[in-house]
Amino acid sequence: MDEIIVSAIIGEILSRSVSFLIEACSKRMQPPPSEPESLESLSRLLLRVGAVVEDAEGRRITNQAMLQQLSTLRHELQRGHFTLDTFRCHAHERDKAPPAGHESGQHSFALSRFNPARRLCICSGSGERSSDLQRVIASLETSIQNAAEFILLSDRYPRLARQPYSMYLLMDKCMFGRQMEMELIVNFLLQGEQDLGAEHLGVLPIFGPANVGKSTLVEHASIDERVRDHFSQIVLLSGGDLVGKDMELALADGAGVIKHENRAESGGGRVLVIVELDRDISGDFWQRLYLNVKNRFAHGSKIIITSRSDKIARFGTTLPIRLQFLTQEGYWYFFKVRTFGSVDVVMEHPKLASIAMEMAREMSGCFMGATIFGGMLRSRLDIGTWSLALAIYREFRQRNHFLSCSNPVDPWALSRPLILPTVSRVYPGYFVVVKGYQTASAHGDGTAPMISVQDVILGRARPQGKFAALAWRSHIPPHYSYVFSCEQRMPVSAVSRKNRTMKVSM
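Residues numbered from 1 in each chain as written. Predicted model: local features only at pLDDT ≥ 70, side-chain atom pairs only at ≥ 80, totals over all residues. Heavy atoms only, no water.

The protein is annotated in an unreviewed UniProt entry as NB-ARC domain-containing protein from Urochloa decumbens.

This is how it looks when you write it as structure tokens:
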């Protein structure tokens, strides 16, 4: 009996091996698909993956493993769109290239495999380009095949209520790729008291570079109905509320901003304290703050602490959340959707798309750059305006050559004054950005500067002396306005002439 079973198993293995070899040989004998055919296949795969991702993003998925799989699908989607747009732009430039024998410039687009250190250039031979494209297609096909169970399980989760701010977040991609982090925060906040123990106060650290979206992420989590029903009060303590103050007195005096107060009996007296740090704090300072929150508020209260420094990780009672800027593929997807909306710019305006991809590459993942220049160019589909904007941004990086060393991701995180590019020459002198700051004023309350950075760059405003210019006003909570303190400076030669003139007149 055992011999019969062994013989059957060996026969099955041999049968499958022969089938595999025949299939592999038949695939090798088939001619590889042409580039247009491969791009068409990629486009169809992106529609399928996009439908899965869009449906899942519209559901309240709480399972961490499924959120991780959704994040992987989202990365594959972004990578696929980046590849498709890159090849289409390259094909357009190839068709418009001068005849053989003429020298022409060549654009280089890089595909990353989620690791920025590993770059592939598709401006090399056609064989290597085809291999890159086939690898992306194969990866998407594998993702679709592995997503069958994910699709089945995600259908069991309820759909999100699409309030106005949620629609903005999902369609304008301001919370781009943050669904997993969002659910991690909400799950932490709703964690039961029995999971923490009577002696613990839950603390969640969130850290990441400036302007990566820490405050927006926390704000979006705190306005979730589940969170607001769970806490009686939500309090925000910023850096200014913590400097030079006794914690017990500060909390007793109502320091900070009350973001939400539950007038109903729900909440059980629990308080969510959000601490936004603008500098490092000592362990002793943190211990005093922690003990005062623990002793003053009801059991089950929570603390979320945000900072640019990863040193706050040691204060947490759970694993910290680290926010990072987008990959090159993700940033292009963000930039394209934010600037062009639903317009398929690559198909309808391929030359414009090529300029847009070059601008996104120059910005290297900077949210502030996408906001400032994307706002200037939104819905403007003429090549002249885009070429001018690209030239302005290149001039900005050339005149501020130290940016590549200081902060290549976010040049607007000022380490020294920045020379601001302008369309027309400023006479006399030039404009510089001295420092940047943000205000949390209510949206549209008129406290933000009336002059925008776009007005200064395009020459629509010609301020003199020192002035404030609005870089960006957020349309979603907490409605931050990002403002630059600017001034007009005189060149050294002009100052010298002015001094000589004053001496002669005296």
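1. Comments concerning the overall build of the protein
So the rule is basically this: Strands here are runs of E lasting at least two residues and helices are runs of H or I lasting at least four, both read from the DSSP assignment and numbered beginning at the N terminus. Here the term buried applies to any residue with accessible area under 20% of the maximum for its type, exposed to any over 50%, and partly exposed to those in between, with areas from a 1.4 Å probe on protein chains only. Whether two residues are in contact is decided by their heavy atoms: any pair within 4.5 Å suffices. Accessibility throughout is a Shrake-Rupley quantity obtained with a 1.4 Å probe, and a residue counts as covered only by protein chains that appear here.
A count of helical and extended segments in the protein gives 21 helices and 12 strands. Buried positions account for 46% of the 506 residues belonging to the protein. If you take every contact in the protein between residues at least 6 apart in sequence, the share linking residues at least 24 apart comes to 76%. As displayed, the protein offers around 26,500 Å² of accessible surface, 54% of which is attributable to carbon and sulfur atoms.

2. Some points on the side chain of Ser485
If you trace the backbone, Ser485 turns up in strand 12 (residues 481-489). Of the residues examined, Ser485 reaches a relative accessible area of 17% and is grouped as buried.

3. Description of the packing of helix 14 (residues 328-340) against helix 17 (residues 367-377)
The test is simple: Only the stretch in contact is used when a helix axis is fitted, and all axes are lines through C-alpha atoms; the angle between N-to-C directions ranges over 0 to 180 degrees. Here is the rule for angles: anything less than 35 degrees is roughly parallel, anything more than 145 is roughly antiparallel, 65 through 115 is roughly perpendicular, and the remaining ranges are oblique. The handedness criterion is simple: a crossing whose near helix is rotated anticlockwise from the far helix by less than a right angle is left-handed, and one whose near helix is rotated clockwise is right-handed. Here the nonpolar group is Ala, Val, Leu, Ile, Met, Phe, Trp, Tyr, Cys and Pro; Asp, Glu, Lys and Arg are the charged ones; every other residue, Gly included, is treated as polar.
Contact geometry for helix 14 and helix 17: axes closest at 9 Å, N-to-C directions at 30°. Accordingly, the angle class assigned to the pair helix 14 and helix 17 is roughly parallel. Regarding helix 14 and helix 17, the two cross each other, and that crossing is right-handed. Residues Tyr331, Phe334, Phe335, Arg338 and Thr339 of helix 14 form the contact with helix 17, whose own contacting residues are Phe367, Ala370, Thr371, Gly374 and Leu377. In terms of residue class, the contact of helix 14 with helix 17 is made up of 6 nonpolar, 3 polar and 1 charged.

4. Brief notes about the sheet that holds strand 10 (residues 430-439)
Quick note on the threshold: Between any two strands, at least two bridges found by DSSP are needed for them to pair.
The sheet built from 4 strands is open, its strands ordered 9-10-12-11 with antiparallel pairing. Every interior strand has two partners, whereas the edge strands, strand 9 (418-419) and strand 11 (466-473), have only one. In the sheet, strand 10 pairs with strand 12 via 9 bridges, with the strands oriented antiparallel. Among the inter-strand pairings, Tyr437 is bridged to a residue of strand 12, identified as Val483. Lying on the sheet, helix 17 is in contact with strand 11 and strand 12; it crosses strand 11 at an angle near 95°.

5. Side note on unusual backbone geometry
One non-glycine residue, Ser364, adopts positive backbone phi at about 55°. Mapping Ser364 onto the fold places it in the loop between helix 16 (350-363) and helix 17. By relative accessible area, which is 38% here, Ser364 ends up partly exposed.

6. Remarks on the nonpolar core
Applicable threshold: Buried residues of nine kinds, namely Ala, Val, Leu, Ile, Met, Phe, Trp, Tyr and Cys, make up a nonpolar core once their side-chain atoms join them within 4.5 Å.
By size, the foremost hydrophobic cluster in this structure holds 68 residues, and its most contacted members are Ile185, Ile304, Phe335, Met359, Phe373 and Trp386. Looking at this core element by element, the count peaks at 8 residues for helix 16. For Phe373, the residues in contact, after removing those within four places along its chain, are Met359, Met363, Ala389, Ile392, Tyr393 and Ile457. Core analysis: the next-biggest nonpolar cluster, separate from the first, contains 27 residues, Leu84, Leu133, Leu140 and Met180 among them.

7. With respect to the packing of aromatic side chains
We count it as follows: Stacked, edge-to-face and tilted labels apply to pairs of Phe, Tyr and Trp rings (six-membered ring for Trp) whose centres lie within 6.5 Å, assigned for plane angles under 30 degrees, over 60, and everything in between, in that order.
This model, assessed by the stated rule, comprises 11 aromatic pairs. Measuring from centroid to centroid gives 5.2 Å for Phe373 and Tyr393, while their planes differ by 85°, and the two rings are edge-to-face. With Phe373 in helix 17 and Tyr393 in helix 18 (residues 383-399), this residue pair connects regions lying 20 residues apart in the sequence. The same class applies to Phe373 as to Tyr393, namely buried. Between Phe431 and Phe467 the ring centres are 5.5 Å apart and the planes differ by 85°, which places this aromatic pair in the edge-to-face class.

8. Some thoughts on the sheet that holds strand 3 (residues 202-207)
Within a sheet, neighbouring strands are paired by backbone hydrogen bonds and run either parallel or antiparallel to one another. Taken together, the 6 strands give an open sheet; going across it, the order is 5-4-6-7-3-8, and neighbouring strands pair in mixed fashion. The sheet is open, and its two borders are formed by strand 5 (257-261) and strand 8 (321-322), each paired with just one other strand. Where strand 4 (residues 233-237) meets strand 5, 4 bridges bridge the pair, whose relative direction is antiparallel. Pairing of Gln233 across the sheet is with Glu261, part of strand 5.

9. What to know about the environment of Met182
The residue Met182 is located in helix 7 (residues 179-189) in this model. Since its relative accessible area comes to 9%, Met182 is described here as buried. Spatially, the C-alpha atom of Met182 lies 6.2 Å from that of Ala221, the residues being 39 residues apart in sequence. Once you skip the residues sitting within four places of it in the chain, Met182 turns out to touch Leu217, His220, Ala221 and Asp224.

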